[in-house]
Amino acid sequence: MNGEVILQARDLVKHYPIKAGVIKRTVGHVRAVDGVSFDLHAGETLGVVGESGCGKSTLGRLLLRLEEPTSGSVTFDGADLYTASGSMLRRMRRDIQIVFQDPYTSLNPRKTVGDIIGEPFDIHPDVVPKGGRRRRVQELLDLVGLNPEHINRYPHQFSGGQRQRIGVARGIALNPKVLVCDEPVSALDVSVQAQVVNLLEKLQRELNLAYIFIAHDLAVVRHISDRVAVMYLGRVVELGDEAQIYDHPTHPYTQALLSAVPVPDPSLRGTRQQIMLTGDVPSPANPPSGCRFHTRCWLAQQMAGDSVPPQCREALPDLVERPDGLSAHASACHFATPLGAAAGTA
Ligand code: SF4
């Protein structure tokens, strides 16, 4: 990537205690995020994909400090997010903003669009010149493709796609450097999804925004992302450039996820190996030992028949660079290998 690193997560962990009994004793922990590290560069999009419950939304909330981590760190522009206070924390909160998933429930129905988009100026009044708030909101409406004259309308007077544009306008109101987009298009019709994704791409070019784009739709993530992190049970299992992840995946979980994506070109349909994952995603309150994926891993089963190699059961694989056939990118598998190649050894 060309841009400098503006946000850095290191060994980020968020465990929620499970309480039971009359005295609410802690009997265990839900390991929502369990040791996540990555860099985000200025102006890039890092896609975060995975099934429901893999921890991607908790990760988004940690990056906004809407949750305090159990351990680990996030550095923004060289300063620690979790020890920041006072004016430093205010600046960070201004520079890292969010677009929520559901445009139907994330906008207050009793407030006008002008009030909703202008809300961040209540906390950060210094961002707009005195008396310039209305003009700035109208500029933002224009920037996201809405009519500035609709500033006094209410959310119910807009379509779903338009409401998400309002959410985006609110997200960029303070000129942030990072926008965490938490499933921003999954509540929208497919045709409208493309419009919102195109809008996000346009804004990124114009404002040099960096996105953390959280989604479960692999096609949408491929379209918008420069790099992609694949999560499974609270951990990143594969991380690389978009083309490395989609064209040369090396982690058996990523390979299985991608094999389920429909191929639009009929002539290529028979060429892709279909990989069926067996079993349910284990509970994050009781994750498997060793590699978290070993209870469902098709490669481990293929290598050792009905049992699983001891290495997979006992040793948690690190997310490290492993060859993908053309180059190398990070994968958390002892036997990471491009699809179709013989499984190597760790
Ligand atoms: Fe599968 Fe073993 Fe690799 Fe885990 S380490 S993904 S169980 S082959």
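In this text, all values refer to a predicted model and were calculated from it rather than measured experimentally. (Residues numbered from 1 in each chain as written. Predicted model: local features only at pLDDT ≥ 70, side-chain atom pairs only at ≥ 80, totals over all residues. Heavy atoms only, no water.)

Now for unusual backbone geometry. Phi is positive for N208, which is not a glycine, with a value near 55°. Here N208 is to be found in the loop between α7 (190-207) and β8 (210-215). Not every positive phi belongs to a glycine, and L233 is a case in point at roughly 45°. Position of L233 among the secondary structure elements: in the loop between β9 (227-232) and β10 (235-241). The class of L233 is buried, set by a relative accessible area of 3%. (Helix = DSSP H or I, 4+ residues; strand = E, 2+ residues; numbered from the N terminus. Buried < 20%, exposed > 50% of the residue type's maximum accessible area, 1.4 Å probe, protein only.)

A word on the packing of helix α6 (residues 160-172) against α7. Between α6 and α7, the shortest axis-to-axis distance is 10 Å and the interhelical angle comes to 20°. Compared by their axis directions, α6 and α7 come out roughly parallel. Between α6 and α7 lies a crossing of right-handed hand. Contacts between α6 and α7 involve G161, Q164, R165, V168 and I172 from the former and V192, Q195, V196, L199, L200, L203 and L207 from the latter. Taken together, the residues that form the contact of α6 with α7 break down as 8 nonpolar, 3 polar and 1 charged. (Axes fitted to C-alpha atoms, helices over the stretch in contact; angles between N-to-C directions. Parallel < 35°, antiparallel > 145°, perpendicular 65-115°, else oblique. Left-handed = near helix turned anticlockwise from the far one by under 90°. Contact = heavy atoms within 4.5 Å. Nonpolar A, V, L, I, M, F, W, Y, C, P; charged D, E, K, R; others polar.)

Further remarks concern the domain arrangement of the protein chain. Examined at the domain level, the protein chain breaks down into domain 1 (41-71 + 84-232) and domain 2 (254-345). Using C-alpha coordinates to define each centre, domain 1 is positioned 33 Å away from domain 2. Counting from both sides, the interface comprises 4 residues of domain 1 and, opposite them, 9 residues of domain 2. Of the roughly 690 Å² buried at the junction of domain 1 and domain 2 (both faces included), carbon and sulfur atoms supply 73%. Of all residues in domain 1, E51, L218 and Y232 bury the most surface against domain 2, accounting for 74% of the area lost on that side. (Domains from an automatic or database assignment. Buried area = accessible area lost by both parts, 1.4 Å probe.)

So, about the site of the ligand. Around the ligand lies a shell formed by H251, P252, C291, F293, H294, C297, A300, M303, C312, C333, H334 and F335. Classifying every residue of the shell around the ligand by side-chain character gives 9 nonpolar, 3 polar and no charged. (Near = heavy atom within 4 Å.)

A full pass over the atoms with the stated rule returns 3 aromatic pairs. Each ring, one from Y232 and one from Y253, has its centre 4.6 Å from the other, and the planes form 55°; the classification is tilted. One end of the pair, Y232, is in strand β9; the other, Y253, is in helix α10 (residues 252-259), with 21 residues separating them in the sequence. A relative accessible area of 1% places Y232 in the buried class. Its relative accessible area of 0% is what places Y253 among the buried residues. Plain terms: the ring middles of Y253 and F293 are 5.2 Å apart, the flat faces sit at 65° to each other, and that makes the pair edge-to-face. Of this pair, Y253 sits in helix α10 while F293 sits in the loop between α10 and α11 (298-304), placing them 40 residues apart in sequence. For the residue pair Y253 and F293, the accessibility class agrees, reading buried in each case. Of the aromatic side chains, those joined through ring pairs into one cluster are Y232, Y253 and F293. (Phe/Tyr/Trp six-rings, centres within 6.5 Å; stacked < 30°, edge-to-face > 60°.)

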